[in-house]
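# Coordinate analysis (summary)
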Amino acid sequence: MKNPISIDAIASISPLGSTAEEIWNNYLQDSHHFSRRTTTEKSRWAGELSEDLDNQLLELQQEDSRYRHLDRSVLMAILTGRRLKDEPGYNNSNSGLNIGSSRGATELFEKYHKEFIETGKASTYSSPTTTLGNISSWTAQDMQLEGPEFSHSITCSTGMHSILNAIAWLESGMRDNFIAGGSEAPLTGFTLAQMEAMKIYAQSDDEYPCRSLDMEKQKNSMILSEAAGLMSFSKNPSAKSQAVIRGIGYANEELRHGASLSREGFCLQKSMKMAIKDTSEEIDAIVMHAPGTIGGDLAEVNAVKAIFGNDQPAITSNKWKTGHSFATSGILNIQMAILMIQHQQFITVPFSKFQKKPRQLKNILVNSVGFGGNAVSLLISAN
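These remarks concern the structure in this document. Small disclaimer: the values here were computed from a predicted structure and weren't measured.

### Regarding helix 8 (residues 189–197)
Of the positions making up helix 8, those classed as buried are Gly189, Thr191, Leu192, Met195 and Glu196. Packing partners of the buried residues in helix 8 comprise strand 2 (35–39), strand 3 (42–46) and helix 4 (106–119).

Quick look at the structure:
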């Protein structure tokens, strides 16, 4: 990148909470934020929002008649947008907006499809409320934005791809400010059953059911969670910037099947190499995608070894604590990186063999990779 991009503000809602202080305090604890959720008469681990956030979503849904039929993923994005507007570094209403989602309106889609199968009729609301564009369009309406707004889906790296789009708009000169992020509400019976069918979902009742970055695990241990996260960007970093993006990387690799990722993590190798190619400074740490699957964790670790050799940065992950929120996971990873830089404290995975701690936290690489062999890496640096 020729010029750094300023991260002016960030807001999120997740199993970790919704304020920077609350989220950081939860990162400091060696405990996970999962609970048992029963859907389709089966109990599974899941990362759920708190009761307080649930109540806020309910109040939001009831405050406006237009919001009554919106999917949970859309309501989560709207609530997060309101929180972003309250952040000191938030810019203005001329911002563009790109919110991605891997699953989209999953809850409503399942509901309306079930009704159609049972009655042969579709609800009047079924089409407008299940289109992916709802997430950005309704959030833009609520935030009273005047810039362009759009949504997209690129599996688990969707949120990070939203940031790539934001940077492209800023560097083109078409916008001075841009908001990007993801929203995901995947804790539905069909979605959870899909993950189980792929044999990647956590089944253990161990102290830490998601074993992200446990390289000795014998079973896959991914756990889904719901979360939304938005970030506001501009071209001119200032003293008020939360952090800056100094490098971007993106890559694909050849597919063997729809969910494949090479053992060597070739797409991650290429994206990381691209993200750090213009920096001569030391990479202090990497926030890994590390979903808790045997193959996914191994591929990413192998990619790090291929790029950094024996001089590997400290590595960590948050999915053992928060779960995998698909599109939003990359946004939560960036937020974790920013908080570690601000507090100058590295958060390790308690049960992982990777316990190396950096002597400073100035430059942190953040990874995201999704089904389809696509990866995004961003270099986040102190302002």
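### Digging into the packing of aromatic side chains
Summed over all chains, the structure comprises seven aromatic pairs. Seen in terms of ring centroids, tyrosine 208 and tryptophan 320 are 5.6 Å apart; in terms of plane orientation they differ by 80 degrees. Their pairing is edge-to-face. Of this pair, tyrosine 208 sits in the loop between helix 8 and strand 7 (227–234) while tryptophan 320 is found in helix 11 (residues 319–322), placing the two residues 112 residues apart along the sequence. Judged on exposure class, the residue tyrosine 208 and its partner tryptophan 320 are both buried. Site record: aromatic cluster; members linked through ring pairs are Phe150, Trp169 and Phe178. For arginine 211, the ring lying beneath its charged end belongs to phenylalanine 351, and the centroid distance is 4.0 Å.

### What to know about helix 3 (residues 72–85)
Given a rise of 1.5 Å per residue, 14 residues ought to cover 20 Å, and the 20 Å separating the end C-alpha atoms of helix 3 matches this to within 8%. For helix 3, the buried fraction is high: eleven of the 14 residues fall into the buried class. Residues of helix 3 that are buried: Arg72, Ser73, Val74, Leu75, Met76, Ala77, Ile78, Leu79, Thr80, Gly81 and Leu84.

### Things to note about the pattern of salt bridges
Per the counting criterion, the structure on display carries 16 salt bridges. Put simply, aspartate 54 and arginine 72 hold a salt bridge, and the shortest N to O gap is 2.5 Å. Within this pair, whereas aspartate 54 is found in helix 2 (residues 51–63), its partner arginine 72 is found in helix 3, the two being separated by 18 residues in sequence. Look at arginine 72 and you get buried, because its relative accessible area is 18%. A salt bridge links glutamate 118 to lysine 114, with the shortest nitrogen-to-oxygen separation between them at 2.6 Å. Taken as a pair, glutamate 118 and lysine 114 lie in helix 4 at a separation of four residues, close to a single helical turn. In the salt-bridge network here, residues are joined through shared partners; they are Lys42, Arg44 and Glu196.

### Observations concerning the environment of isoleucine 99
With respect to the element layout, isoleucine 99 can be found in strand 4 (residues 96–100). By relative accessible area, isoleucine 99 is classed as buried at 0%. On a C-alpha basis, the gap between isoleucine 99 and aspartate 64 in space is 22 Å, while along the polypeptide they are 35 residues apart.

### As for the sheet that holds strand 9 (residues 285–287)
One open sheet holds the ten strands; their spatial order is 5-4-6-7-1-8-12-11-9-10, and the pairing between them is mixed. Whereas interior strands pair on both sides, the edge strands pair on one side only; in this sheet they are strand 5 (149–152) and strand 10 (314–316). Ignoring which end each strand starts from, the neighbouring axes of this sheet average 25 degrees apart. Pairing of strand 4 with strand 6 (residues 177–184), which is carried by five bridges, proceeds in the parallel orientation. Paired with glycine 100 across the strands is glycine 182, a residue of strand 6. Relative to the sheet, helix 6 (residues 134–143) contacts strand 4, strand 5, strand 6 and strand 7, its axis offset from that of strand 4 by approximately 140 degrees. Most of the contacts of helix 12 (residues 329–343) go to strand 11 (residues 363–370), to which it runs at about 170 degrees, and overall it touches strand 1 (5–13), strand 6, strand 7, strand 8 (243–252), strand 9, strand 10, strand 11 and strand 12 (374–381).

### What to know about empty space enclosed by the protein
Counted according to the given criterion, the structure contains one cavity of 30 Å³ or more. Its volume calculated, the largest cavity comes out at about 50 Å³. Lining the largest cavity are Arg37, Arg72, Glu107, Ala185, Pro186, Leu187, Thr188 and Glu226. Residues belonging to the lining of the largest cavity are distributed by class as follows: three nonpolar, one polar and four charged.

### As for the nonpolar core
Grouped together as the largest cluster of nonpolar side chains are 39 residues, with contacts concentrated most on Ile163, Phe233, Ile245, Ile334, Leu378 and Ile380. Considering every element that reaches this core, the biggest residue donor is helix 12, with eight residues. Excluding residues that lie within four positions of it along the chain, isoleucine 334 makes contacts with Ile7, Met160, Ile163, Met231, Val366, Leu378 and Ile380. Ranked by size, the runner-up nonpolar core spans 28 residues in total, among them Leu49, Leu70, Leu97 and Ala228.

### What about the side chain of serine 12?
With respect to the secondary-structure elements, serine 12 resides in strand 1. On the basis of relative accessibility, which here comes to 1%, the residue serine 12 falls in the buried class. For serine 12, the side chain forms a polar contact with the side chain of glutamine 335, separated by 2.8 Å. The residues contacting serine 12, other than those within four sequence positions of it, are Gly17, Ser18, Ile23, Thr80, Ala228, Gly229, Leu332 and Gln335.

### A look at unusual backbone geometry
It is generally the case that most residues other than glycine have a negative phi and that most peptide bonds are trans. A positive phi angle, close to 60 degrees, is found at lysine 199, a residue other than glycine. Note that lysine 199 resides in the loop between helix 8 and strand 7. The phi dihedral of glutamine 344 is positive, around 50 degrees, even though this residue is not glycine. Structurally, the position occupied by glutamine 344 is in the loop between helix 12 and strand 11.

### Comments concerning the environment of aspartate 86
For aspartate 86, the location among the structural elements is in the loop between helix 3 and strand 4. Along the primary structure aspartate 86 and serine 232 are separated by 146 residues, whereas in three dimensions their C-alpha atoms are 12 Å apart.

Basis of the calculations
- Residues numbered from 1 in each chain as written.
- Predicted model: local features only at pLDDT ≥ 70, side-chain atom pairs only at ≥ 80, totals over all residues.
- Heavy atoms only, no water.
- Buried < 20%, exposed > 50% of the residue type's maximum accessible area, 1.4 Å probe, protein only.
- Helix = DSSP H or I, 4+ residues; strand = E, 2+ residues; numbered from the N terminus.
- Contact = heavy atoms within 4.5 Å.
- Phe/Tyr/Trp six-rings, centres within 6.5 Å; stacked < 30°, edge-to-face > 60°.
- Lys NZ or Arg CZ within 6 Å of the ring centre and 35° of its normal.
- Expected span 1.5 Å × (residues − 1).
- Salt bridge = Lys/Arg side-chain N within 4 Å of Asp/Glu carboxyl O.
- Pairing = 2+ DSSP bridges.
- Axes fitted to C-alpha atoms, helices over the stretch in contact; angles between N-to-C directions.
- 1 Å grid on protein atoms, 1.4 Å probe; cavity = no way out; pocket = protein on both sides within 12 Å on 5 of 7 lines; lining within 4 Å.
- Points joined across faces, edges and corners; volume = space filled by probe spheres on them.
- Nonpolar A, V, L, I, M, F, W, Y, C, P; charged D, E, K, R; others polar.
- Core = buried A, V, L, I, M, F, W, Y, C linked by side-chain atoms within 4.5 Å.
- Polar contact = N/O pair within 3.5 Å; in protein donor to acceptor, adjacent residues only side chain to side chain.

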